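Tertiary structure, described
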Amino acid sequence: MFKKPLDKVVSRRTFLKAAAGGSALMVFGITPLASRAFAQDAKELSLGLTWEAAFRPTQDEFDKNFMDKHPDITLNKQYNTWGDHQTIVPTWAAAGTLPDIVYVHGSRGAPWTAEGIITDIDDLANGDAEFNVSDIWEEALRLYKPQGAITAVPYDHGPILLGYNKDIFDAAGHAYPDGTWTMEDFRAAAIALTDTEKGIWGWSGNFPDRNAGGQFLPWGAQFMNEEETQLTLDTPEMLTAIQFWADLIHVDKVAPTTADNQAFPSGPWQGGVVAMSNVASWDTPTLAEFAPFAWDVAPWPAGTQKGTGSFGSGFGICHPENRDTGWAYLREYLNKEGMEFMWGASGRGSPARQSAYDSWLNSPIAPEHASAYLDALKTYAMTDRPFRTLKAPELLDITGREVDLIKNGDKSVADALAAMQKDGQALLDS
Amino acid sequence: MLQRFTGKKLSKREKQEERVFYLFISLWLIGFLAFTGGPMIASLFISFTNWTGVKSISFIGMDNYQTMITDKLFWITLKNTAYYAFASVFFGTVVALIIAILLNQNIPGRNILRTIFFMPSVTQGVAIAIMWLWVLNPQVGLLNYGLSFLGIKGPGWVTSQTWAMPALVVMAIWQNGQAMIILLAALQGVPRMFYEAASLDGAGQWAKFRNVTIPMISPALFFVIVIGVVGSFQIFTTVAVMTRGGPGSSTMVYVYYLYQNAFSYFKMGYASALGWILFIIIAALTWVQFAAGRRWVHYE
Amino acid sequence: MSDVSIKESRSNPVRTEAPWYKRKSSLRILGMIITFIIIIPLALIYLAPYIGMLSTALKQPKQIFQYPPKIIPDPVMWSNFPEGWSKYVPFNTYLFNSLKITLNNVIGNLVSCTLAAFAFARLKARGKNILFALVLGTMILPNEVILVPQFLLFTKLGMNNTHWPLMLPAWFGYPFFIFLLRQFFMTLPKELDEAALIDGANWLQILWNIVLPLSKPALATVAIFSFVGNWNNYLGPLIYLRDDKLLTLPLGLTQFQGQFGQVAYHFMMSNAVLMLLPVLLIFFLAQRLFIEGITLTGTK
């Protein structure tokens, strides 16, 4: 109680002394030295993150431990929703008010590098032997070196596999999917499990705008070339692949229509009326919390070959002048222990490091066969394109609109693919 | 009468009145100059550049405006927006007026009823989207459930290319509580003696509505329509949270496309040009309404 | 008429008709029944989405996605309300910030917009029409286009990450309200001003003693709209506020949204319900002003 006034007296006295000393120093012109020493003592680091409220205690705990270890660094956090983050960060950049470290979704690696929002940290990442950048999945890091140099470090990376509703499989007495499944097995199961009387569908009809690799890679089709300058949507392989899914909806009728989908705020799969759906590693915490049914995952079925898409997110440093302090944080946030603590043990997301993956597989909320994600990353998953061209968002909006029409049955697959190819290529060429 | 442009000198009183006018609007004028005017001019300048919204910027003359001519989506969004604007303003105003008239009567529970009809204009954003996706749900939604009593099999609403836009219009009508309140406030201001005088003249209900109510509330009605056109041409939030322009491009509206260009495609220059073209369109429509308003809007 | 007579009429209002149940007129009863037949189903349609909202607010996470959806949750999770309010996110802080900004802006808007609207409606001055066109013009340009330039401006003024960019502009007029009040002020007879001027009143006295007392329904309308608009404002706080301590309720609501659809719908909805309550309460109470309005204008 009486501590305060005392503090005040002391602090005022110290202040007067310091002020007198300071003005004396200024006279002698040695202030710059003093202020530089001061700046090095207390470093502030601001973080622009996107975690929802429920995950923030984990972040707080990590930060507390970090500050205990580094008393000279003070952390300031600000949260945006994931969607707002994509809009706000460029606005901050325009006004010069970026935080020191930002969350960077894989799709923003290239544009944010091009716009100078995130800075080159190649020398820091590669020069830090303890950090061991080679432990990070190549497919994950690929998103963050659009011009060759690393500009962000991924924290999670996951493929898209086949999730299944065990309750529906059990009720029908059907064998669970496994690594031997081909697309024809998948189709036969989807037909067998569909029961319109009961309102049960075999497949979710999920056809993502981004991360659609699983929809065509197993047929040997590609979205575009490696350099992302040329679309390859008009190939016979692509037509076969997309026709397969369209037929599941419109011919076999084993998937809910988009109109049916509306009955479920988070889709029919999470509503528990669908036997199988594409499930990414980052979907699993949501299912663990909300899914009103038993579920597991299996390898993505093979077509003429094995293949599925993968994607991830990471963190970058914004201010070149503050990159050393920023790296001091990132190297611990994104090393093996950091990833295990933040995303592995919490079950939140499949870590971008091979060495940290086990912690995720063993987390209490991971599905039984979560190791299928690891196998996919090791053998057949491939980062979904586009991620390098700056026109990616607009391109995906073009293809997304045509996919809507395929799903609704308003346009034939061939016509929709032709339109995507034509309009999309025109965009890439412009 | 003020002899404004006849070269006649202003009287002392007129001069004083003018001074008071500028004094009274000074707060707005300062605010405009300080906070809005600069950014407006800046956006006009940006519309002649290829600014990404972050750093790279160079002057490209009329390029952005020329691009629009061949931009398919520009024309689609313009058409969709005009459809939405005219449908939602017309039906929205009619429904708001009917509700306002009904609630202007001395009926029991009217305070609660007014609150209920006002409620939708208070709820915003994601919450409203989730609520409406339930109502508009083709299978288990309330709207189609209600239609089934009339023997109608309801459409797929926001999942159908044909019905997505009408669904957004229905939402706009539902959210038009603001117009309802403005019209209600205006109806409250109609002196009762006017109706009594009309009754003495032997006027029926319709004649009273036509010759007393409408002229008396015409300034408010005019306001509701002008504001309705401005607001509906700028529709954004509903589309962003409900349909994101789909299915296909059936609900791609102008400002949503503008927003995508500005904040998703890194085309702030083009987005600004789109903004100024919309400015011209709405300004023209507003000017037409003010010109037409001289015939049917009665002040005093 | 001078302000004295207005005051007299205020303290001695003309009695309105007897309440509906004391009136004998069977025709009126019939009219009322017809009104209710129209209005009750309409009210239910308007309320329907809110039933889903309340139902979700009271569910357990696993029940939210159950199919077919159950309207009445089992068990009823009343604990969602306190938990959603303070377990993860400091909603009390957000509430304080929202109230502070909203109340400031309601008062600021009332003061600045009344002055400007009065000038535009009742004073004569050169350049008035051009300035009024400018008022409308700022409303017509899509906000998305000036968002970034305005953000740069406020950042340059050192107001980033403070409440100032959200509170200061309210004191410098808001075009929508200026236009709305202008419409109402224009309906009052000009003779009132003339008589007061002859009595030696100045323009501020005319505004305060004559125009404002007669415009209570309009002022109440502006106050409610300003309250709702600022209470729900999402984009402004989103761009300007970064410190958790400074955030407002609408931003708080979205804190339950994760990237991958892991939305805590139950908390989001329980807080949306709580956020709705003060607005409805204020609206419910403000209706007294509408009714007072009828008594006053009845003396005209």
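For the structure given in this document, a descriptive report is provided here. All residue numbers here refer to positions counted from 1 along the written sequence of the relevant chain. Chains and ligands are labelled by the order in which they are written, letters from A for the one and numbers from 1 for the other. In view of the model being predicted, local features appear only for residues whose pLDDT reaches at least 70, and side-chain atom pairs are presented and counted only at 80 or more, with totals across whole chains, interfaces and linings using the full set of residues. Side-chain metrics in this entry use all non-hydrogen atoms of the structure; hydrogen atoms and water are not considered.

**Re the overall build of chain B**
- In terms of regular secondary structure, chain B is built from 14 helices and zero strands.
- Note on conventions: DSSP H or I runs of at least 4 residues are helices, E runs of at least 2 residues are strands, and numbering of each starts at the N terminus. Helices and strands in chain B line up, N terminus first, as α-α-α-α-α-α-α-α-α-α-α-α-α-α.
- Considered along the principal axes of its C-alpha atoms, chain B spans approximately 70 × 70 × 30 Å.
- Classification of the 300 residues of chain B by burial places 56% in the buried group.
- Any two residues having at least one pair of non-hydrogen atoms within 4.5 Å are treated as being in contact. Summarising the internal contacts of chain B: among those between residues at least 6 apart in sequence, 65% fall at separations of at least 24.
- Exposure was quantified through the Shrake-Rupley algorithm and a 1.4 Å probe, taking into account, for residues, occlusion by the shown protein chains and nothing else. Surface exposure of chain B reaches about 13300 Å², of which carbon and sulfur atoms provide 66%. The buried label goes to any residue with under 20% of its type's maximum accessible area, the exposed label to any with over 50%, and the partly exposed label to all in between, with areas taken from a 1.4 Å probe on protein chains only.

**Regarding the overall build of chain A**
- Looking only at helices and strands, chain A features 19 helices and nine strands.
- Each of the 430 residues in chain A was classed as buried or not, and the buried ones make up 59%.
- A total accessible area of about 17300 Å² is found for chain A, and carbon and sulfur atoms account for 55% of it.

**Re the interface of chain A and chain B**
- If you look at the interface, chain A gives 27 residues, while chain B gives 30 residues.
- Surface buried jointly by chain A and chain B totals about 2300 Å² across both partners, of which 52% is contributed by carbon and sulfur atoms.
- Throughout, buried area stands for the accessible area (probe radius 1.4 Å) lost by two parts on being put together, summed over both. Contact with chain B buries surface across chain A, with E115, Q262 and R401 of chain A losing the most and accounting together for 29% of the total.
- A salt bridge links K267 of chain B to E394 of chain A; its shortest N-O distance comes to 2.9 Å.
- Polar contacts here mean pairs of N or O atoms no more than 3.5 Å apart (in protein, one a potential hydrogen donor and the other a potential acceptor; neighbouring residues in sequence count only if both atoms are side-chain atoms). In this structure, the connection of chain A to chain B is made through nine residue pairs in polar contact (both at pLDDT 80 or more).
- Breaking the side of chain A that touches chain B down by element, the ones donating at least two residues are helix 4 (82-95), helix 5 (109-114), helix 11 (258-261) and helix 18 (392-408) of chain A. By definition, a salt bridge exists where a carboxyl oxygen of Asp or Glu is found within 4 Å of a side-chain nitrogen of Lys or Arg.

**Focus on the side chain of T36 of chain B**
- On the secondary structure map, T36 of chain B appears in helix 2 (residues 26-46).
- For T36 of chain B, a relative accessible area of 18% corresponds to the buried category.
- With near-sequence residues (within four places) excluded, T36 of chain B lies in contact with G31 of chain B together with T138, I146 and Q150 of chain C.

**What about helix 7 (residues 143-156) of chain C?**
- Multiplying 1.5 Å by the helix residue count minus one yields the expected span of that helix. Helix length check: helix 7 of chain C, at 14 residues, gives a terminal C-alpha distance of 20 Å against a target of 20 Å (1.5 Å per residue), a fit within 8%.
- Two axes define the bend at a residue: one fitted to the seven residues ending there, one fitted to the seven starting there, and the bend is the angle between them. At P149 of chain C, helix 7 of chain C shows its maximal bend, which comes to roughly 30 degrees.
- For helix 7 of chain C, a buried count of 10 out of 14 residues is recorded, marking the element as mostly surrounded by other parts of the structure.
- Restricting attention to buried positions, one finds in helix 7 of chain C the residues E144, V145, I146, L147, V148, P149, Q150, F151, F154 and T155 of chain C.
- Lining the buried residues of helix 7 of chain C we find helix 4 of chain A, helix 2, helix 13 (254-263) and helix 14 (268-296) of chain B together with helix 8 (164-167) and helix 13 (235-240) of chain C.

**What to know about the packing of aromatic side chains**
Residues and elements named next belong to chain C.
- Pairs were defined over the aromatic rings of Phe, Tyr and Trp, the Trp ring being its six-membered one, requiring ring centres within 6.5 Å. Orientation was assigned from the angle between planes: stacked under 30 degrees, edge-to-face over 60, tilted for the rest. Considering all chains together, one arrives at 70 aromatic pairs over all chains under this definition.
- Relative to Y94, the ring of F91 lies with its centre 5.4 Å away and its plane at 65 degrees, an arrangement referred to as edge-to-face. Here Y94 and F91 lie together in helix 5 (residues 91-122), a separation of three residues that amounts to about one turn.
- Assessed through its relative accessible area of 1%, F91 is described here as buried.
- A relative accessible area of 0% means that Y94 is categorised as buried.

**Re the packing of helix 4 (residues 72-103) of chain B against helix 8 (residues 164-174) of chain B**
Residue and element names in this part refer to chain B.
- Angular values range over 0 to 180 degrees, each being the angle between N-to-C directions of two axes fitted as lines to C-alpha atoms, with helices fitted over their stretch in contact. One can describe the packing of helix 4 onto helix 8 by two numbers: an axis separation of 9 Å at closest approach and a directional angle of 35 degrees. As for how helix 4 packs across helix 8, the hand of that crossing is right-handed. Every residue of helix 8 that contacts helix 4 at N80, Y83, Y84, A87, S88, F91, G92 and V95 is listed here: M165, P166, L168, V169, A172 and I173.
- Along the lines of polarity and charge, the residues of the contact of helix 4 with helix 8 split into 11 nonpolar, three polar and no charged. Crossing chirality is assigned from the near helix's rotation relative to the far helix, an anticlockwise turn below a right angle marking it left-handed and a clockwise turn marking it right-handed. Basically, the charged four are Asp, Glu, Lys and Arg, the nonpolar ten are Ala, Val, Leu, Ile, Met, Phe, Trp, Tyr, Cys and Pro, and anything else, Gly included, counts as polar.

**A short note on unusual backbone geometry**
- Geometrically, the link from R385 of chain A to P386 of chain A is a cis peptide bond, its omega value of 0 degrees lying close to zero.
- With respect to the helices and strands, P386 of chain A occurs in the loop between strand 9 (381-383) and helix 18.
- Here the bond from G246 of chain B into P247 of chain B is cis, since omega is -5 degrees, no more than 30 degrees from zero.
- Here P247 of chain B is to be found in the loop between helix 12 (237-242) and helix 13.

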